[in-house]
Amino acid sequence: MIEIAGWGRYPRHRTRLLAPRDAASAAALAAGRTGVVTRGNGRAYGDAAIGQAVTVSSRGLDRMRAFDPVSGRLTVEAGVHLSDILAAFLPRGFFPPVVPGTKFVTVGGMIASDVHGKNHHREGGFGDHVEALTLLTPSGETVDCGPDRNPGLFWATVGGMGLTGTILEATFRLKAVETGWMVQRTVVAENLDEAMAGLERTADATYSVAWIDCVARGARFGRSLIFAAEHATRAELDALRPGAEPFPAAKAGRLSVPLDLPAFTLNRLSVAAFNELYFRAGAAKAGQPFLVAWNPYFFPLDGIGDWGRIYGRRGFLQHQCVIPPAAAKAVLTAVIERLSRRGSASFLAVLKVLRAGSGLMSFPIEGYTLALDLHVTDDVFPLLDEIDRLVVEAGGRLYLAKDARQSRETFEASYPALSRFREIRRGLGAEGRVVSQLSARLGI
Amino acid sequence: MQGHKTVLVVGGTSDIGHATAKAYAGAGWRVVLAARNEAGARRNAEDLATRSGGPVEVRALDVLDTPSLAPFLDRLPALPDTVVCVVGELGEQARAQADLDHAVQVMRTNFEGPALLLTLTAERFEARGSGLIVGISSVAGDRGRGSNYVYGAAKAGFTAFLSGLRNRLSPRGVRVVTVKPGFVRTRMTEGMKLPPVLTAEADEVGRAILGAERGGDVLYVRPVWRGVMAVIRAIPEPVFKRLKL
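Residues numbered from 1 in each chain as written. Chains lettered and ligands numbered in written order. Predicted model: local features only at pLDDT ≥ 70, side-chain atom pairs only at ≥ 80, totals over all residues. Heavy atoms only, no water.

- If you look chain B up in an unreviewed UniProt entry, it shows as SDR family oxidoreductase from Salinarimonas soli.
- According to the UniProt record, the Sequence similarities (unreviewed entry) comment for chain B reads "Belongs to the short-chain dehydrogenases/reductases (SDR) family." (UniProt positions renumbered as here; feature names shortened; annotations may be inferred.)

### Some thoughts on the packing of helix H10 (residues 325-342) of chain A against helix H11 (residues 380-393) of chain A
Two quantities define a packed helix pair, namely the angle between the axes and the distance from one axis to the other.
Residue and element names in this part refer to chain A.
Okay, so step 1: Running from N to C, H10 and H11 point in directions that differ by 170°, and their axes come no closer than 10 Å. Considered as vectors, H10 and H11 are oriented roughly antiparallel to each other. Contacts between H10 and H11 pair Val331, Ala334, Val335, Arg338, Leu339 and Arg342 from the former with Val380, Leu383, Glu386, Ile387, Leu390 and Val391 from the latter.
Okay, so step 2: Partitioning the contact of H10 with H11 into residue classes produces 9 nonpolar, no polar and 3 charged. (Axes fitted to C-alpha atoms, helices over the stretch in contact; angles between N-to-C directions. Helix = DSSP H or I, 4+ residues; strand = E, 2+ residues; numbered from the N terminus. Parallel < 35°, antiparallel > 145°, perpendicular 65-115°, else oblique. Contact = heavy atoms within 4.5 Å. Nonpolar A, V, L, I, M, F, W, Y, C, P; charged D, E, K, R; others polar.)

### Let's talk about the sheet that holds strand S4 (residues 54-57) of chain A
Each strand in a sheet pairs with its neighbour through backbone hydrogen bonds, running either in the same direction (parallel) or in the opposite one (antiparallel).
Residues and elements named next belong to chain A.
Okay, so step 1: Pairing is mixed across the open sheet formed by 4 strands, whose spatial order is S1-S2-S4-S3. Whereas interior strands pair on both sides, the edge strands pair on one side only; in this sheet they are strand S1 (2-5) and strand S3 (36-39). This sheet shows a mean twist of 50° between the axes of neighbouring strands, independent of strand direction. (Pairing = 2+ DSSP bridges.)

### Looking at the pairing of strand S3 (residues 56-60) of chain B
Residues and elements named next belong to chain B.
Okay, so step 1: In this sheet, S3 lies alongside strand S2 (residues 30-35) in parallel orientation, the contact comprising 5 bridges. Of the residues in S3, the one forming a bridge with Leu33 is Val58.
Okay, so step 2: Traced from S2 through helix H2 (residues 38-52) to S3, the parallel crossover comes out right-handed. (Right-handed = clockwise from strand over helix to strand, strands pointing away.)

### Topic: the pattern of salt bridges
Okay, so step 1: Across all of its chains, the model carries 38 salt bridges over all chains by this definition.
Okay, so step 2: Residue Arg43 of chain B pairs with Glu77 of chain A through a salt bridge whose shortest N-O separation is 2.7 Å. Here Arg43 of chain B is found in helix H2, whereas its partner Glu77 of chain A is found in strand S6 (residues 73-77) on a different chain. Pair check on accessibility: Arg43 of chain B and Glu77 of chain A agree, each one buried. (Salt bridge = Lys/Arg side-chain N within 4 Å of Asp/Glu carboxyl O. Buried < 20%, exposed > 50% of the residue type's maximum accessible area, 1.4 Å probe, protein only.)

### A look at the confidence of the model for chain A
Okay, so step 1: Residue-level pLDDT values for chain A average 91, and 91% of them are 70 or greater.
Okay, so step 2: Long-range and interchain partners of residues 253-264 of chain A, a stretch whose pLDDT sits below 50, account for 23 contacts in this model, where long-range means more than four residues apart. (pLDDT = per-residue confidence, 0-100.)

### Considerations on the pairing of strand S13 (residues 207-212) of chain A
The two faces of the sheet receive side chains in turn, since in a regular strand these alternate between them.
Residues and elements named next belong to chain A.
Okay, so step 1: Most of S13 is tucked away: 6 of the 6 residues are buried.
Okay, so step 2: Both faces of S13 are covered, namely the face carrying Tyr207, Val209 and Trp211 and the face carrying Ser208, Ala210 and Ile212.
Okay, so step 3: Both S13 and strand S19 (residues 350-354) contribute to a ladder of 2 bridges, which runs antiparallel. Bridge pairing links Trp211 to Val350 in S19.

### Considering the domain arrangement of chain A
Residues and elements named next belong to chain A.
Okay, so step 1: Here chain A is described as being made up of domain 1 (64-177) and domain 2 (181-408).
Okay, so step 2: Together, the buried faces of domain 1 and domain 2 total about 2,800 Å²; carbon and sulfur atoms form 61% of this surface.
Okay, so step 3: Interface area lost by domain 1 to domain 2 is led by His116, Lys118 and His121, which between them contribute 26%.
Okay, so step 4: Put simply, domain 1 and domain 2 have 1 salt bridge between them. (Domains from an automatic or database assignment. Buried area = accessible area lost by both parts, 1.4 Å probe.)

### A word on the interface of chain B and chain A
Okay, so step 1: On the side of chain A, 22 residues touch chain B, which itself brings 16 residues to the contact.
Okay, so step 2: Summing both partners gives a buried area of about 1,700 Å² for chain B against chain A, and 40% of it is carried by carbon and sulfur.
Okay, so step 3: Contact with chain A buries area across many residues of chain B, yet Arg43, Arg51 and Arg187 of chain B alone supply 42% of it, more than any other trio.
Okay, so step 4: Counting across the interface, chain B meets chain A through 3 salt bridges.
Okay, so step 5: A salt bridge links Glu46 of chain B to Arg65 of chain A; its shortest N-O distance comes to 2.5 Å.

### Here's the deal with the sheet that holds strand S5 (residues 64-68) of chain A
All names here are of chain A.
Okay, so step 1: Taken together, the 5 strands give an open sheet; going across it, the order is S5-S6-S10-S8-S9, and neighbouring strands pair in antiparallel fashion. Each edge of the sheet is formed by a strand with only one pairing partner; in this case those strands are S5 and strand S9 (142-145). Taken pair by pair, the neighbouring strands of this sheet meet at an average axis angle of 10°, ignoring direction.
Okay, so step 2: Pairing of strand S8 (residues 130-136) with S9, which is carried by 4 bridges, proceeds in the antiparallel orientation. Its bridge partner lying in S9, Leu135 is registered against Val143.
Okay, so step 3: On top of the sheet, helix H2 (residues 82-89) reaches S5, S6 and strand S10 (166-173); it is set at about 40° to S5, its chief contact.

### Overview of unusual backbone geometry
Residue and element names in this part refer to chain A.
Okay, so step 1: A cis amide bond links Tyr10 with the next residue in sequence, Pro11, at an omega value of -10°.
Okay, so step 2: Mapped onto the fold, Pro11 is located in the loop between S1 and strand S2 (12-18).
Okay, so step 3: Of note in this structure, Arg9 is not a glycine but carries a positive phi near 60°.
Okay, so step 4: Structurally, the position occupied by Arg9 is in the loop between S1 and S2.

### Considering helix H5 (residues 100-128) of chain B
Residue and element names in this part refer to chain B.
Okay, so step 1: Between the first and last C-alpha of H5 there are 40 Å, a value that for 29 residues agrees with the 42 Å anticipated at 1.5 Å per step.
Okay, so step 2: Of all the bends in H5, the greatest measures close to 50° and is centred on Arg108.
Okay, so step 3: Sitting at the amino-terminal end of H5 is Asp99, which places a side-chain oxygen 3.0 Å from the backbone nitrogen of Asp101.
Okay, so step 4: Of the residues trailing H5, Gly129 is marked for its positive phi of about 85°. (Expected span 1.5 Å × (residues − 1). Bend = angle between axes of the 7 residues up to and from the residue. Polar contact = N/O pair within 3.5 Å; in protein donor to acceptor, adjacent residues only side chain to side chain.)

Written out as structure tokens, the structure is:
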């Protein structure tokens, strides 16, 4: 037995940890066990990848299987890291169809959470690009599924938080890119209205996301920087930065946070100062398009190892909600007002437009998503409970890959496909056997 | 690209063997994997070929099958530029104390098999006048400890063998490098609390082995191990024998 946690380092649970070396030993190890769930690289923030009794690591399932350079079709085992895919294929001119905010995730984790990226409004979630996957079901069977084969099981597995079984393997297409650079445009929004309008206006960009200042008040309430970007063509790279390496490597993070910082380093003043600097630096770049390498554009925090440690020993909570368009303005205002009043709000609040997700339990619905992180203090729990209530009453919901604390009530009220998902789990024999701390907490 | 040099990785299904093959394939080398478990080696070969887009070959080899060693080398498409021997088996100390068959297995797998294969490799490299031999030994061979001395003794033997081979071949254009990985984070150690400073990732070991192409004789993947083992070796025996290690 060991104690493990998600990326937010809250909560911690005791579990047995098993590490099969291949698909066959995954099947043998899982046979007859209950309270088991599969864990990728542990980047889910809360308790999604911690088994109630047993956690199966997909670390050994890290082999790539096949790649077709004509179609871009790639087949890999589920424990392969996104960072490995980028390292192997970006230099050959291919980029994953969807990437989340960190590249240190596994393919199995990306499917189980149906992760979204800065292109969700245009290209959907990662699950939308999966052509086939192999699932080890709780009965020990290996089942192939995809949008055209066992679609019911497939769409329950996409976004299904690992609760239909262990994903062993997946096939999806990489897209061709001419360079590893992004042409980025920054749009300054002076308040929340402008931010929302700006995101709508940049919806034709492949990638679009806003960084929102949750501390600013008054006329600057909700001020944001909107980052829109496209993959740079070879011609654009040659024009904007002649002689640059077309596929720059990801540099290993030079910064890391070696110690848990004491919690007092995060207070209203330090966050406000950081936000002010960030906003000014971003606003100074507004207007003209400029080049930025893929790694800092998509994965800015990967450059700082163990960044969660700035939140101190108690860890931190991520909170990501999505709110339907009609209610978005009112709810976002109410949420940001509460955060702004609390003061020690988020360094990193991100606002983005989502379209409806495809998996039964996929997080995205059409609307605006707001992602926050907050260090764990006693007063943060009632605050987030209140925010959850506002979000769910407006028809919104929370992202399970980031959740560590929402109530069963808010969850049940906001995922209408839950009863269908439970039926599928019963049919698979997953109920009571495939159980994570998250599924136990939420009664899935 | 290294101009299509070829590396033979013996023990290509272990985590370190695979990491080594990945490092070489990533640097543009042709890779030949040899392993007892051919299916496992094929899975790794597929992985390497998918990642690198280059060719990878698989050969079946059991280093304990002594008569098969020379034919194995002679049937390779060409004599490789580098041979990396990652073969090894930790075994279980308690079992090795009580069960001689298990002790024999650990001794042969960690010493006899690798040493004989490298003897034949060295003979061919010496005739050609070039080549690099990399043997993966262990810090466990630096001093026998109660908790793993059967394994440690076999590794100590292998370390001495590599040292002698290096001494004999260094005037003849053939280099021999001894690699001591220390603790390695692999599937086998998942969840174990290993001291971070002393623990290398498997890929880090792979890169360090590829680094042996540039030079060196005895390589500790994490240099801090050199100091740690120097201290452990320096403890006087009357004190050492009372320690629980």
